[in-house]
Amino acid sequence: MELCVHNYIEDTRLAKLTSLQEKFLKHAMNSFPKAKRIVYSTCSLFPEENERVITNIVKTSRAKWRVQDVKELLKGQWNNFGSGMYGSIGTRCMYAKPDSDFTTGFFLAVLDRDQKELEKKEKNENNAINGEEKVTKNITNAKYASISSNNDIKTKKIKLDEQTALRNKTEDENSITPIHKRKKSSSKEVDDNLTTHVEDKTVKETID
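Quick caveat, the model's predicted, so the values are computed rather than measured.

To continue, consider the UniProt feature "active site" (unreviewed entry) in the protein. The UniProt record marks Cys43 with the feature "active site" (unreviewed entry), using the residue numbering of this structure. Along the chain, the position of Cys43 falls in the loop between β1 (37-42) and α2 (51-60).

A word on the confidence of the model for the protein. Here the protein averages 78 in pLDDT, while 68% of its residues score no lower than 70. Averaged pLDDT values for the elements of the protein fall to 54 in helix α7 (residues 179-207) and rise to 96 in β1.

A general trend in soluble globular proteins is that nonpolar side chains are found buried together. Ranked by size, the top nonpolar core spans 18 residues in total, and within it Leu25, Met29, Ile54 and Leu111 carry the most contacts. Counting residues per element, the ones that place at least two in this core are α1 (11-31), β1, α2, β2 (65-67) and β4 (106-113). Sorting elements by how many residues they give to this core places α2 first, with 4 residues. In terms of nonpolar packing, the next biggest core, distinct from the first, is built from 5 residues, Val70, Met94, Leu108 and Val110 among them.

What follows concerns the packing of aromatic side chains. On inspection of all chains with the given rule, the structure shows 2 aromatic pairs. Relative to Phe107, the ring of Tyr40 lies with its centre 6.3 Å away and its plane at 70°, an arrangement referred to as edge-to-face. Note that Tyr40 is positioned in strand β1 and Phe107 in strand β4, a separation of 67 residues in sequence. Pair check on accessibility: Tyr40 and Phe107 agree, each one buried. Each member of the aromatic cluster is reached from another via a ring pair, and the members are Tyr40, Tyr95 and Phe107. The residue whose ring lies beneath Lys97 is Tyr95, and the NZ or CZ to ring-centre distance is 5.6 Å.

Reading the values: rules and limits
- Residues numbered from 1 in each chain as written.
- Predicted model: local features only at pLDDT ≥ 70, side-chain atom pairs only at ≥ 80, totals over all residues.
- Heavy atoms only, no water.
- UniProt positions renumbered as here; feature names shortened; annotations may be inferred.
- Helix = DSSP H or I, 4+ residues; strand = E, 2+ residues; numbered from the N terminus.
- pLDDT = per-residue confidence, 0-100.
- Core = buried A, V, L, I, M, F, W, Y, C linked by side-chain atoms within 4.5 Å.
- Buried < 20%, exposed > 50% of the residue type's maximum accessible area, 1.4 Å probe, protein only.
- Phe/Tyr/Trp six-rings, centres within 6.5 Å; stacked < 30°, edge-to-face > 60°.
- Lys NZ or Arg CZ within 6 Å of the ring centre and 35° of its normal.

See the structure below:
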């Protein structure tokens with residue numbers, strides 16, 4: 001970019017850029033739960049695109065982020081930092097300026113996710129994993145229980161069928177008299193009839 005870009009800019013365009021950059025930063029903060037650090041940088045020297053964006057989004061973001069002090073990160077080896085107009089958040093940012101840093105000018109801020117939120121997210125993830133494992137285990141146990149129950153039902157049915165078949169066989173056997181027994185029984189009946197006939201005849205002769 002040419003240096004003149006920082007000398008004049010329309011308010012309408014600046015407002016649009018600010019709105020767009022806020023959307024970018026908010027998306028980065030809220031849509032990547034595993035992200036631990038975000039470096040926000042623009043090739044602009046206007047506080048509206050820089051400290052203002054950082055301050056607005058950090059205060060309104062669902063996720064909790066802390067603006068790191070770039071001066072500490074660079075161990076004091078830098079000259080230009082953000083404006084106190086935006087409180088302590090502004091002073092934690094840094095600038096590279098054309099007159100002293102021999103650049104066309106840019107801004108940089110470092111944001112770290114709040115440690116307590118990280119721990120909370122990790123705990124929630126572990127709970128979710130444990131919950132899924134528990135559900136999976138319960139489903140598996142239920143399947144095994146169902147299989148075992150079905151096997152028990154099949155076993156009981158087989159035993160019942162066997163008992164029924166055995167009872168039917170016994171009843172059939174009892175209802176059928178063997179041939180030799182029937183023959184013997186028939187002979188006995190004939191003998192008894194003859195004996196009765198003889199006795200009747202004897203009695204009759206005696207009476208006569």
